[in-house]
Structures are given as C-alpha cells and as structure tokens.
Amino acid sequence: MMPLPFASSARRWWLSLAVLAWLVSLAGCGDAPVHRQQAYVFGTLVEVVIQGEPPEKAQAAAGEVLRGFDRMNRDFHAWKPGPLTALNAAFAKGETAPVSAELAAAIEDARRWWVASEGLFNPAIGRLIALWGFESDEFKPVRPDPAAIDKLVAAHPGMGDIVIAEGRAASRNPAVQLDFGGYAKGLALDRAAAQLKAAGIRNALINIGGNILALGRAGDRPWHVGIQHPRRAGVLAELDLQDGEAIGTSGDYQRYFEAEGRRYCHIIDPRTGWPVQGVQAVTVLVPPGPQAGVRSDVLSKPLFIAGPGAWRQVAEKLQVRQALLVDGEGRIFVTQGLARRLKFAPDVPKVVVVP
C-alpha cells in the first residue's frame, strides 16, 4: 500500500504515485487485460484496477465505482455544504436535523468503534481538527491557542453524545462536530468491492489514498503492493495481498505542518487535543471478512494514537493481529503475523518483531 502525501509535500506525492503504479503494473503483467481508472476524491488519489475483463465491462464497472466515490464524498464531507455539514450545524445549535439512513448507519457503526477503542477513534472531534487547520488542503504553520484546545478537550465530544430516532439526529453536546476522514474511505472500499462483485468482476484492486482492498488475483499471482516509507520517497516494504484482504496506513507525513522545528500531523489525540508525537506510521493488514475496508481505515488510528508504549495492548483489545509501527526515531516494530508477509527494502534498519 502506498499512502499518498498531500499538498505539504507535492514532490513526494508524485514520486509515491510513480512507485505505486510500478508495483501495480508489475503485479498485473501477463496476457490478461488490465484496466486502470483514477480520480481525485476524498482529498486524495483513488484508483480502480481491474484484471482479466473485456475493456467495455471493466470501464463501466470502474466508472460506476468512481461515481459512487463522488457521491459519498459529497454526502460525508465535513467541510463543504452537504448533509454532514448541515447535521453538524444542527448539533452546534442544540437542534435536531434529518439524517439519511446511510449517514445514520455510519454514525452508529462509528460509535461502535469509538466504544471498542475506548475513545481513541473519535470522529466527533471535528472542532479540534478545524482548530488545528486540518480541515483545509493548505496548512498554515501556526499552533492554536492552548487554552482553546483545553476548552474543547474539557467538553469531551464523543460519539455517545449523538442521539438518532425516527430519521432525525441530535447531539447532547454542542461541542460535537463529525469528521469521517478516518472512516469514510474504508466504507467506500467495502462498497466498491460489493459493486464490483455484483458486476461480475472477480479480480480487482481498489486504492483510496493508500487504503487498499484486493479482490481475486492479478493474473497468475497475488496483487503486489508497497508500504510507503514515512520519511523518503519509495517503499518501506512490499507484500502480496490475498483475495479479500485490506491494508491501511496512518502516517504523520500525509497531512502536516512544521512549526518551530516540530512536526504537527493531522492525527489528533482526543485525550489531549494535540497532534500525536513519537509515531511516524502505523500499518494494519486486515483479513477477509465483513467490513474489511472499514477496519483497514479505522484500526490504524487507535494504534497510532496509543503510540510506541501502548500500541500492542490496543491492538490486542481490537483483535489486530497483523500490524507495523514506525516510531518517531524511525525504529520499526512489526507483529509476527505481518513480519512473515513483508519483504523490507534493502536499506531498512533492523526490524523488531513483537508477539
């Protein structure tokens, strides 16, 4: 998987894309036709690669997936006018608002992950995200007022504050502001996989900004992908994805700014209100099954926030068996299950395998 850096590092973005294209094309070579369509959705590059189907069928199926991504992006966008911003406005005023069945289901599901992660995964902290300026694609290297951060943290916005009944939603806490940036990509992966299967597509790779789900195989071999190195262009490691597996990474190199010699990334610890320090990246590999895409998107966040000292305990609670963490010094820790699957780049320093 190649997580793609954003505007703060445009040169690395294009280099990463080039490496990703090389890996996918390497996996897809052979006699069977390969169809690839790309778009810019969810604030990142998305790509659908279909193997072994007639061009017309592959193009129609990929186009339908990308149109679905566009619709989801509009409906789940936290900062552009749409259903979610209308809902957030109602929460801030202490009012109820209509909520679609789709959005209600996402809120209820995100609430379950919020509970399971003991609040480390918390889409209700949109106000903190905006306070740090990460609602925009352009980041100003300015830290917010610590008092403003403390005030929002003290308000304890959480998914448990939201009440849904009879097609309407409200929040008991006006500090709640939903941002599904750490959830919607995974949901889109699952929906895309279901769409492709319904269209009779057996072999495909769906990539949403580095969150990837594999269907079938790339010809006579598995889909082959790479994990982005968090501090330089190119891959940290490579692996084969089996049918139905999904992989996702959270990193401090995707959306960040630097101020006074420190890096501030978009992944905010709900307990402190500050961007997480001491972690460069976390990757999780999810086995086939229900919500493989959602799990690949959601589960890396609690591990990243827990940090080097507690990520293994959090992984155990969330039943994450295959994960990798790169700490702030660049040291690599990987679970035994994932270590067996990875081929690290030749220049990668010693890797610590953990239970």
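Above this text you will find the structure in question.
Keep in mind the model is a prediction, meaning the values are calculated, not measured.

A. Broad picture of the overall build of the chain. Scanning the chain from terminus to terminus reveals 11 helices and 17 strands. Compactness check: the chain gives a C-alpha radius of gyration of 20 Å against a globular reference of 20 Å for 355 residues, within 12% of the reference. In terms of its C-alpha atoms, the chain occupies a principal-axis envelope of roughly 60 × 45 × 35 Å. Nonlocal contacts in the chain, meaning residues at least 24 apart in sequence, comprise 62% of its contacts between residues at least 6 apart. Put simply, the chain shows about 14800 Å² of open surface, and 55% of that area lies on carbon and sulfur atoms. For the chain, the distance from the average position of its 39 positive side-chain charges to the average position of its 35 negative side-chain charges is 2 Å.

B. Structural detail: the sheet that holds strand S8 (residues 223-228). Strand order in this open sheet of three strands is S8-S9-S16, and the pairing throughout is antiparallel. Looking at which strands have only one partner, the edges of the open sheet turn out to be S8 and strand S16 (343-344). Bridge count for strand S9 (residues 235-241) against S16 is two bridges, and the pairing is antiparallel. By the bridge assignment, alanine 237 is partnered in S16 with phenylalanine 344.

C. How the structure looks around the layout of surface pockets. If you add up the space inside the largest pocket, you get close to 1000 Å³. Lining the largest pocket are 42 residues, and of these Asp179, Phe180, Gly181, Gly182 and Arg255 lie nearest its centre. Broken down by secondary-structure element, the contributors of at least two residues to the lining of the largest pocket are strand S1 (34-41), helix H2 (55-76), helix H5 (126-131), helix H7 (184-198), strand S10 (246-251) and helix H9 (300-306). Tallied by class, the residues present in the lining of the largest pocket amount to 20 nonpolar, 15 polar and seven charged. In this structure, the second largest pocket occupies an estimated 190 Å³ of space. Each residue belonging to the lining of the second largest pocket can be placed in one class, and the counts come to seven nonpolar, four polar and two charged.

D. Here's a closer look at the sheet that holds strand S5 (residues 168-171). Spatial ordering of the open sheet is given by S3-S5-S4, a layout of three strands whose pairing is antiparallel. Every other strand in the sheet has two partners, leaving strand S3 (97-98) and strand S4 (162-165) as the edge strands with one partner each. Where S4 meets S5, four bridges bridge the pair, whose relative direction is antiparallel. By the bridge assignment, alanine 165 is partnered in S5 with arginine 168. This element, helix H3 (residues 83-93), spans S3, S4 and S5 of the sheet and lies at about 45° to S5.

E. Region of interest: the environment of phenylalanine 69. Residue position: phenylalanine 69 is located in helix H2. What makes phenylalanine 69 buried here is its relative accessible area of 2%. Taking the C-alpha atoms as reference, phenylalanine 69 lies 33 Å from alanine 345; in sequence the two are 276 residues apart. If sequence neighbours within four positions are ignored, phenylalanine 69 has contacts with Val41, Phe42, Val46, Ala188, Ala192, Ile206 and Ile208.

What counts and what doesn't
Residues numbered from 1 in each chain as written. Predicted model: local features only at pLDDT ≥ 70, side-chain atom pairs only at ≥ 80, totals over all residues. Heavy atoms only, no water. Helix = DSSP H or I, 4+ residues; strand = E, 2+ residues; numbered from the N terminus. Rg over C-alpha atoms; globule rule 2.2 N^0.38 Å. Contact = heavy atoms within 4.5 Å. Areas by Shrake-Rupley, 256 points an atom, 1.4 Å probe, with all protein chains shown as cover. Lys, Arg positive; Asp, Glu negative; His and termini not counted. Charge placed at Lys NZ, Arg CZ, Asp CG, Glu CD. Pairing = 2+ DSSP bridges. 1 Å grid on protein atoms, 1.4 Å probe; cavity = no way out; pocket = protein on both sides within 12 Å on 5 of 7 lines; lining within 4 Å. Points joined across faces, edges and corners; volume = space filled by probe spheres on them. Nonpolar A, V, L, I, M, F, W, Y, C, P; charged D, E, K, R; others polar. Axes fitted to C-alpha atoms, helices over the stretch in contact; angles between N-to-C directions. Buried < 20%, exposed > 50% of the residue type's maximum accessible area, 1.4 Å probe, protein only.

In short, the description is geometric, and any link to function would need to be established separately.
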